[in-house]
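Coordinate inspection notes
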Amino acid sequence: MKIVIMGCGRVGARLATMLDSEGHEVSILDKYTTSFARLPENFKGQALLGNGLDEEDLRKAGIEEANAFVAVTQADNSNIMAGQIAREIFGVKKVLCRIYDPLRRDVYAMLGLEAISPTSVVANLFKESLESEF
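First things first, this report covers the structure right here in the doc. None of these values were measured; they are calculated from a predicted model.

So, about helix H4 (residues 102-110). Taking the backbone nitrogen of Leu-103 as reference, a side-chain oxygen 2.9 Å away marks Asp-101 as the first, capping residue of H4. Of the residues flanking the end of H4, it is Gly-112, one or two places downstream, whose phi is positive at about 95 degrees.

As structure tokens, then:
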């Protein structure tokens, strides 16, 4: 599977490493070259300096052949915009976006974008753990 990831922070780098080690073709974009230090030396994928909101940068990352696009930057709006570009302009079938704001996540889900809110996920895990102790 060909996957393009926008954002080489902790989550993006970890996801890219896991997918790469399983034999997937991975391209990861980030605006800062220092972010690529999070990737292991044996990373076989493509690490590109660029912006997932720029169509030319996405083309260099192989978006036109991608089966999936994942946006995991720190910026909700950038993740959503890049997700929409991947889906609407390039026709990527599987688009995932990290959205910190749970209210926004629900709105984007209604628009057809698959969004995961770590805020909600972690809050639910804490709640479950607290409840299991009593």
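For strand E1 (residues 2-6), the tally of buried residues reaches 5 of 5 residues, placing the bulk of the element in the interior. What you see with E1 is no split at all: Lys-2, Val-4 and Met-6 on one side and Ile-3 and Ile-5 on the other are buried throughout. In the sheet, E1 pairs with strand E2 (residues 25-30) via 5 bridges, with the strands oriented parallel. Paired with Ile-5 across the two strands is Ile-28, which belongs to E2. Regarding topology, helix H1 (residues 10-21) serves as the crossover connection from E1 to the parallel E2, and that connection is right-handed. Summarising the sheet, E1 and strand E4 (residues 68-71) pair through 4 bridges and their orientation is parallel. Counted as the bridge partner of Met-6 is Ala-71 from E4.

The 6 strands lie next to each other as E3-E2-E1-E4-E5-E6, forming an open sheet whose pairing is parallel. Two strands in the sheet have a free side with no partner beyond their single neighbour: strand E3 (46-49) and strand E6 (114-116). Looking at each pair of strands side by side, their axes are set apart by 20 degrees on average, direction ignored. Lying on the sheet, helix H3 (residues 76-89) is in contact with E1, E4 and strand E5 (94-98); it crosses E5 at an angle near 175 degrees.

Attention shifts here to the side chain of Thr-73. Looking at the element boundaries, Thr-73 is found in the loop between E4 and H3. Given the relative accessible area of 18%, Thr-73 is considered buried. Within the structure, the side chain of Thr-73 is placed 3.2 Å from the backbone nitrogen of Ala-75, a separation counted as a polar contact.

For the structure shown, the criterion picks out 8 salt bridges. The partner of Glu-114 in a salt bridge is Lys-94, and the shortest N-O contact between them spans 3.0 Å. Highlighted residues: Glu-114 in strand E6 and Lys-94 in strand E5, separated in sequence by 20 residues. Residue classification places Lys-94 among the partly exposed positions, given a relative accessible area of 39%. Ionic pairing is found between Glu-131 and Lys-127, a salt bridge with its closest N-O pair at 2.7 Å. Here Glu-131 and its partner Lys-127 are both found in helix H5 (residues 118-132), 4 residues apart, which amounts to about one turn of the helix. According to the relative accessible area criterion, Glu-131 is partly exposed, its value standing at 47%.

Conventions and cut-offs
Residues numbered from 1 in each chain as written. Predicted model: local features only at pLDDT ≥ 70, side-chain atom pairs only at ≥ 80, totals over all residues. Heavy atoms only, no water. Polar contact = N/O pair within 3.5 Å; in protein donor to acceptor, adjacent residues only side chain to side chain. Helix = DSSP H or I, 4+ residues; strand = E, 2+ residues; numbered from the N terminus. Buried < 20%, exposed > 50% of the residue type's maximum accessible area, 1.4 Å probe, protein only. Pairing = 2+ DSSP bridges. Right-handed = clockwise from strand over helix to strand, strands pointing away. Axes fitted to C-alpha atoms, helices over the stretch in contact; angles between N-to-C directions. Contact = heavy atoms within 4.5 Å. Salt bridge = Lys/Arg side-chain N within 4 Å of Asp/Glu carboxyl O.

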